[in-house]
Amino acid sequence: MLVLLRPEAAPEHAQVVALLSSHGLAPRTIARDGRVALLADEAPGLVEALGHLPAVAEVRAGASWVLASRAWQPVATRIALGEGVVIGAGSPPAIIAGPCAIETEDQLLTVARGVAAAGARLLRAGAFKPRTSPYAFQGLGAAALPLLAMAREATGLRIVTEALDEAGVDQVAEVADVIQIGSRNMGNYPLLRRAGRAGRPILLKRGMAATIEELLLAAEYVLAEGNPNVILCERGIRGFDRATRNVLDLAAVPLLQQATHLPVIVDPSHATGRSELVPAMAKAGLAAGADGLLIEVHPDPDRALSDGAQSLSLEVFAHLMSELTTLSTALGR
Ligand code: PEP
Ligand code: MN
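What you see is a predicted model; the values in this text were computed from it and never measured.

Chemist: Break down the sheet that holds strand β1 (residues 2-5) for me, with residues and values.
Modeler: Spatial ordering of the open sheet is given by β2-β3-β1-β4, a layout of four strands whose pairing is antiparallel. The open sheet has two edge strands, β2 (28-32) and β4 (56-60), and neither has a second partner. Looking at each pair of strands side by side, their axes are set apart by 25° on average, direction ignored. Here five bridges tie β2 to strand β3 (residues 35-39), and the two strands are oriented antiparallel to one another. Each residue of the ladder has a partner; that of A31, found in β3, is V36.

Right under this line is the structure:
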C-alpha cells in the first residue's frame with residue numbers, strides 16, 4: 001500500500017513510521033513533485049488505523065500500481081542513457097536492434113556495425129537465453145558479456161541484454177546499459193525486486209499470457225525497490241492461431257501510455273515470429289505511438305542459432321530504418 005503524507009505535518013511523519021513499525025513493517029519513503037509517501041505491505045486493521053493519524057493524507061491499499069500510474073506521476077518518464085540517447089515521450093523513437101543470441105564475436109560485431117550504420121542507437125543481444133526447450137541453444141552465457149563491451153566500444157551503441165535470474169543481475173549490470181527481463185520472467189517477483197536494485201534501467205517484456213494490469217504490477221515491483229527507470233515492451237500475447245507466433249496487441253500501446261508514465265516499446269519480432277511481417281508491424285508500432293522498437297537482426301538469419309525465422313537481414317533492416325525515419329517525420333516525432 002501507499003501512504004500519502006501531508007507535507008505540512010512533517011513533524012508527525014514519525015508517528016506514521018512508528019505505527020507501521022509496530023506491525024513489523026519497514027516502510028520505504030518515496031518523494032516526487034513535492035509529495036512524500038511511504039510504501040509498505042498491508043496488514044489487518046492497518047488502513048483504518050493509519051486513517052486516524054493527522055499526518056496521513058490518503059491510504060491507497062489493494063492491488064494497485066501506484067508508482068507506475070499517471071496519477072502519481074503525470075509527466076512521462078524519460079530514460080537518459082548518455083550522449084543524446086533518451087527513451088521516452090518527446091524523444092525520437094528508440095530503435096533497439098540486434099541478434100536474439102550472441103553466437104560469435106564476428107557475428108555480434110557485424111550486426112552491431114550494421115545496425116549502428118542504419119541508425120539504431122541500442123544493441124540488444126542475448127548472452128543468457130530463456131529457451132522454451134532445454135535442448136535449444138541456451139546462449140554463450142557469461143563468456144559473451146565481454147563481447148558486448150567490445151561491441152559498445154566499437155560502435156557507441158548502448159547495450160541491452162537479458163538477466164535470467166537473480167544471481168545474474170549484477171553480472172549483466174556490469175556491461176548492460178539496460179537489463180532485459182523476458183516474458184517468461186515477467187512474473188518472477190524475486191527477480192523483479194532484484195532488478196529494482198540493479199542500478200540500471202529495466203526493459204520489462206509483457207508475459208505471453210499477462211494482462212495489462214499484471215504487466216503494470218510487475219513494473220511496480222521494480223519501481224517499489226527504488227528503480228524509476230522501467231521500459232514496458234509489448235511483444236505479443238498468446239492467441240489460438242499459430243499462423244503468427246503471437247498476437248501483437250497494439251492497443252496496449254496507447255492504453256499503457258494513458259495509464260502509466262513509463263515508456264512503452266513494441267517488439268514486432270517476437271510478436272509475429274515471421275521476418276516478412278516484421279517491417280509492417282514495426283511501422284504499425286510506431287504509428288500506434290510506441291516510444292521505441294525492439295527488432296531482431298542477424299547477418300545470416302537462415303543460420304541463426306535462435307529465432308532466425310523472425311530475424312531481419314542487415315539489408316532489410318537498413319531499408320526498414322529508412323522507412324521508419326520517413327514515418328517518424330510524418331508523425332511529427
Ligand atoms: C527475446 O527477447 O529474445 C525473448 C526471448 O523474448 P521474449 O522474452 O519476449 O519471449
Ligand atoms: Mn529472440
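Chemist: Tell me about helix α5 (residues 166-173), and name the residues and values.
Modeler: Of the residues making up α5, those classed as buried are G168, V169, V172 and A173. For α5, the angular spread of buried residues about the axis comes to 130°, placing them on one side.

Chemist: For the domain arrangement of the protein chain, give the residues involved together with the corresponding values.
Modeler: Here the protein chain is partitioned into domain 1 (2-60) and domain 2 (79-330). The C-alpha-based centres of domain 1 and domain 2 are spaced at 37 Å.

Chemist: Lay out the coordination of the manganese ion (ligand 2) with the relevant residues and their values.
Modeler: The manganese ion (ligand 2) binds to the protein through C100 (SG), H270 (NE2), E296 (OE) and D307 (OD), with metal-donor distances spanning 2.1 to 2.4 Å. Counting gaps between the donor residues of the manganese ion (ligand 2) yields the pattern C-x169-H-x25-E-x10-D. Linking H270 in helix α9 (residues 268-272) with D307 in the loop between β14 (292-296) and α11 (314-330), this pair joins segments that are 37 residues apart in sequence. Residue H270 is classed as buried on the basis of its relative accessible area of 8%.

Chemist: Break down the site of ligand 1 for me, citing the residues and quoting the values.
Modeler: The full set of residues close to ligand 1 is C100, R124, K129, P130, Q180, G182, S183, R184, K205, R235, H270 and E296. Contact distances for ligand 1 include 2.9 Å between an oxygen atom and a side-chain N or O atom of R184. Between ligand 1 and E296 there is a distance of 3.2 Å, counted from an oxygen atom to a side-chain nitrogen or oxygen. Contact with the protein chains covers 98% of the free accessible surface of ligand 1, which is 290 Å². For the shell around ligand 1, the residue count by class is two nonpolar, four polar and six charged.

Calculation notes
- Residues numbered from 1 in each chain as written.
- Chains lettered and ligands numbered in written order.
- Predicted model: local features only at pLDDT ≥ 70, side-chain atom pairs only at ≥ 80, totals over all residues.
- Heavy atoms only, no water.
- Pairing = 2+ DSSP bridges.
- Helix = DSSP H or I, 4+ residues; strand = E, 2+ residues; numbered from the N terminus.
- Axes fitted to C-alpha atoms, helices over the stretch in contact; angles between N-to-C directions.
- Buried < 20%, exposed > 50% of the residue type's maximum accessible area, 1.4 Å probe, protein only.
- Arc of directions from axis to C-beta.
- Domains from an automatic or database assignment.
- Donors = N, O, S within 2.8 Å, 3.2 Å for Na, K, Ca; no water.
- Near = heavy atom within 4 Å.
- Polar contact = N/O pair within 3.5 Å; in protein donor to acceptor, adjacent residues only side chain to side chain.
- Areas by Shrake-Rupley, 256 points an atom, 1.4 Å probe, with all protein chains shown as cover.
- Nonpolar A, V, L, I, M, F, W, Y, C, P; charged D, E, K, R; others polar.

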